[in-house]
Amino acid sequence: MLRIWSKSFATWVGLSSILIWASLVAVVKLITESTSPVQGIALIYSFSAVAILILVGFPKLQQLSKTYLFGCGALFIAYEILFLIAVALSENRQQVMVIAMINYLWPPLLIVFSILVRQLQASFWVIPGLVLAIFGLLLVVNPDSLQWSQLSLILAKNPWAYSFAFAGALLWPGYCVLTKKYAQGQNAVSLFFLCTAVALWGLHCWLDEPFIQPSADLWWLIGLAGSLIGLAYSNWNQSMQYGHIKVLILATYFMPVYSSLMSMLILQVIPPLSFWIGSALVTAGALLGWYATHEVSK
């Protein structure tokens with residue numbers, strides 16, 4: 001396939017995706033507070049699917065790698081459903097922030113997966129970088145989570161939601177590294193989103209949820225959120241193939257900070273001092289990871 005994305009342009013659009021995702025958790029929570037949980041997510045992703053179909057069209061299935069189509073497609077759909085259902089199952093806005101932090105274990109995991117499939121090479125310093133980042137994430141979630149007994153109590157308050165978020169944190173880096181390896185310049189995100197929306201509506205019907213008619217203002221928010229999310233995922237797919245992987249991974253390390261700040265503004269949740277200390281540790285871990293890794297030349 002003719003390569004039309006320059007490396008720098010693909011990197012910049014990937015960074016824009018990260019900024020959009022930073023507000024995703026808070027906006028999804030706002031919407032699902034006014035609708036049935038799965039219904040709200042299904043509405044958002046229906047708009048996302050339409051937006052991507054308009055932007056990039058339906059993929060040519062005969063040109064797609066079967067590994068990318070079925071393997072990456074399954075990982076994408078499973079991640080979206082698990083993470084968004086975790087947000088919908090949160091019982092209060094503090095739990096939303098915990099779920100977001102669990103989900104954002106995926107940036108350090110993306111480094112690990114990229115090293116395992118030889119998309120990145122790393123020195124010893126990547127290990128303390130990962131440890132610092134994960135330690136910082138735990139501190140951001142809750143200072144008490146540094147003690148196993150307290151962490152168990154926190155997770156026991158909503159085990160299903162937290163388990164779904166953790167499963168998603170494992171699936172997304174798998175999707176990213178396999179997309180870079182098998183997509184071969186193709187972009188099937190419109191199909192993946194369409195399948196995700198259909199699966200969410202099926203889950204909505206299976207759970208026998210009531211359909212709550214959104215207000216006019218909420219329809220605008222759903223349409224805007226869905227369209228931006230669709231744009232972000234479509235751009236990320238191309239960025240993972242053509243962009244500077246090391247730059248993009250470094251930027252993802254700061255997603256917990258971006259997301260928490262957006263949640264603070266949108267949900268009016270004020271983070272404690274431990275949040276800022278944890279953010280500093282995540283930053284230190286990210287910089288060490290930056291120093292310790294480099295892309296494998298082809």
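Residues numbered from 1 in each chain as written. Predicted model: local features only at pLDDT ≥ 70, side-chain atom pairs only at ≥ 80, totals over all residues. Heavy atoms only, no water.

### Topic: the overall build of the chain
The number of helices and strands found in the chain is 14 helices and 2 strands. Computed over the C-alpha atoms, the radius of gyration of the chain is 19 Å, within 12% of the 19 Å expected from 2.2 N^0.38 for a compact globule of 298 residues. In terms of overall dimensions, the chain has a C-alpha envelope of 55 × 50 × 30 Å along the principal axes. For the chain, the proportion of its 298 residues judged to be buried stands at 53%. A separation threshold of at least 6 residues defines the contact pool for the chain, and within that pool the share at least 24 residues apart is 88%. Just so you have it, the chain exposes about 13300 Å², and 70% of that area is on carbon and sulfur atoms. Averaging the positions of the 12 positive and the 8 negative side-chain charges in the chain gives two centres separated by 22 Å. (Helix = DSSP H or I, 4+ residues; strand = E, 2+ residues; numbered from the N terminus. Rg over C-alpha atoms; globule rule 2.2 N^0.38 Å. Buried < 20%, exposed > 50% of the residue type's maximum accessible area, 1.4 Å probe, protein only. Contact = heavy atoms within 4.5 Å. Areas by Shrake-Rupley, 256 points an atom, 1.4 Å probe, with all protein chains shown as cover. Lys, Arg positive; Asp, Glu negative; His and termini not counted. Charge placed at Lys NZ, Arg CZ, Asp CG, Glu CD.)

### Details of the nonpolar core
Across soluble globular proteins, you tend to see nonpolar side chains buried next to one another. Y45, W172 and Y233 are the most contacted members of the largest nonpolar core, which totals 78 residues. Ranked by the residues each element gives to this core, the list is headed by helix α4 (residues 66-89), at 12 residues. When sequence neighbours within four positions are dropped, the list of residues in contact with Y45 reads E80, L84, F193, T196, A197, L200, I229 and Y233. (Core = buried A, V, L, I, M, F, W, Y, C linked by side-chain atoms within 4.5 Å.)

### A short note on the side chain of H204
By secondary structure assignment, the location of H204 is in helix α10 (residues 189-206). With a relative accessible area of 7%, H204 lands in the buried category. Among the polar contacts listed, one links the side chain of H204 to the side chain of E209, at a separation of 2.8 Å. (Polar contact = N/O pair within 3.5 Å; in protein donor to acceptor, adjacent residues only side chain to side chain.)

### Focus: the environment of V257
Tracing the backbone through its elements, the reader meets V257 in helix α13 (residues 255-267). Here V257 falls in the buried class, since its relative accessible area comes to 15%. The sequence separation of V257 and L137 amounts to 120 residues, and the corresponding C-alpha distance is 9.6 Å. If near-sequence neighbours (up to four positions away) are discounted, V257 is found in contact with F275 and S279.

### Let's talk about the confidence of the model for the chain
Of the residues in the chain, 90% reach a pLDDT of 70 or more, and the chain-wide mean stands at 81. Per-residue pLDDT, averaged within each element of the chain, yields its smallest value for α13 (69) and its largest for α10 (91). (pLDDT = per-residue confidence, 0-100.)

### A look at the side chain of T32
With respect to the helices and strands, the residue T32 is situated in helix α2 (residues 24-32). Ignoring any residue separated from it by four or fewer positions in sequence, one finds T32 in contact with P37, G40, I41 and A88.

### A few points about helix α12 (residues 245-253)
Because each turn of an α-helix spans 3.6 residues, side chains separated by three or four positions end up pointing in the same direction. Of all 9 residues in α12, 8 are buried; the element is thus mostly enclosed. Three or more residues of α12 are buried, namely I245, K246, L248, I249, L250, A251, T252 and Y253.

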